[in-house]
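The lines below spell out each chain.
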Amino acid sequence: MTSENLSDKPKQKISVAVLISIVILIVITAIFLIEMVTATNMATQSAEATPDQNIEAVVAALLVDTDPANGEALMERYGCAACHVIGADSGIAPHLDLIGDVAATRHPPLSAAAYIYESITNPGAFVVEGYQNTMAADFKSRVSEQELGDIIAYLLTLRAQ
């Protein structure tokens, strides 16, 4: 064996190690790029859900296993009837006569339940013409999800017979 042949073997080992390192780097980069594209696609799909669809989904979950009778009691307990009167207009807030029917027409494309939810949790999102945005903006933080569901369920019972 010549001295040239001996010096080529370490170079070959280094070349193989470098080649393996490059292949591993390419594979890791490819996996990273695939994950990034997948995450971007998922984020785009999530962003494509409209706020209205999100509200509808939240409300559907709230209305599972509700107690409208408790909702009526909660309306009294939280003082809602001070401004939202049944059978009369207080001049402060919209009356609740037939709200189960009327709510579906107030802020399309929201359903009646979603409109009521939005009105309670974000009262400034849509203000009925002729009224001021006087409802407390922190009401959502003052009631539990179960109570909120019960209140919405009760209000949905106020419909034309």
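Computed from a predicted model, the values in this text were never measured in an experiment.

Quick notes on the packing of aromatic side chains
- For the structure shown, the criterion picks out 2 aromatic pairs.
- Look at Y78 and F139: their rings are 5.4 Å apart centre to centre, the planes differ by 80 degrees, and that puts the pair in the edge-to-face class. Here the residue Y78 occupies a position in the loop between α3 (68–77) and α4 (99–106), and F139 occupies one in helix α6 (residues 139–142), the gap between them amounting to 61 residues. Each member of the pair, Y78 as well as F139, carries the same accessibility label: buried.
- An angle of 75 degrees between the planes, with centres 5.9 Å apart, marks the rings of Y115 and F126 as edge-to-face. Taken together, the residues span a long stretch of sequence, with Y115 in helix α5 (residues 112–121) and F126 in the loop between α5 and α6 at a distance of 11 residues.
- The class for Y115 is buried, based on a relative accessible area of 5%.

Structural notes on unusual backbone geometry
- Here the residue pair P108 and P109 is connected by a cis peptide bond, since its omega of 10 degrees sits within 30 degrees of zero.
- In this structure, P109 sits in the loop between α4 and α5.
- Within the chain, D65 stands out as a residue other than glycine whose phi angle is a positive 60 degrees.
- Here D65 shows up in the loop between α2 (51–62) and α3.

Describing the side chain of T121
- Structurally, T121 can be placed in helix α5.
- You can call T121 buried: its relative accessible area is 15%.
- Discounting chain neighbours no more than four positions away, the residues touching T121 are A137, K140 and L148.

Reading the values: the criteria
Residues numbered from 1 in each chain as written. Predicted model: local features only at pLDDT ≥ 70, side-chain atom pairs only at ≥ 80, totals over all residues. Heavy atoms only, no water. Phe/Tyr/Trp six-rings, centres within 6.5 Å; stacked < 30°, edge-to-face > 60°. Helix = DSSP H or I, 4+ residues; strand = E, 2+ residues; numbered from the N terminus. Buried < 20%, exposed > 50% of the residue type's maximum accessible area, 1.4 Å probe, protein only. Contact = heavy atoms within 4.5 Å.

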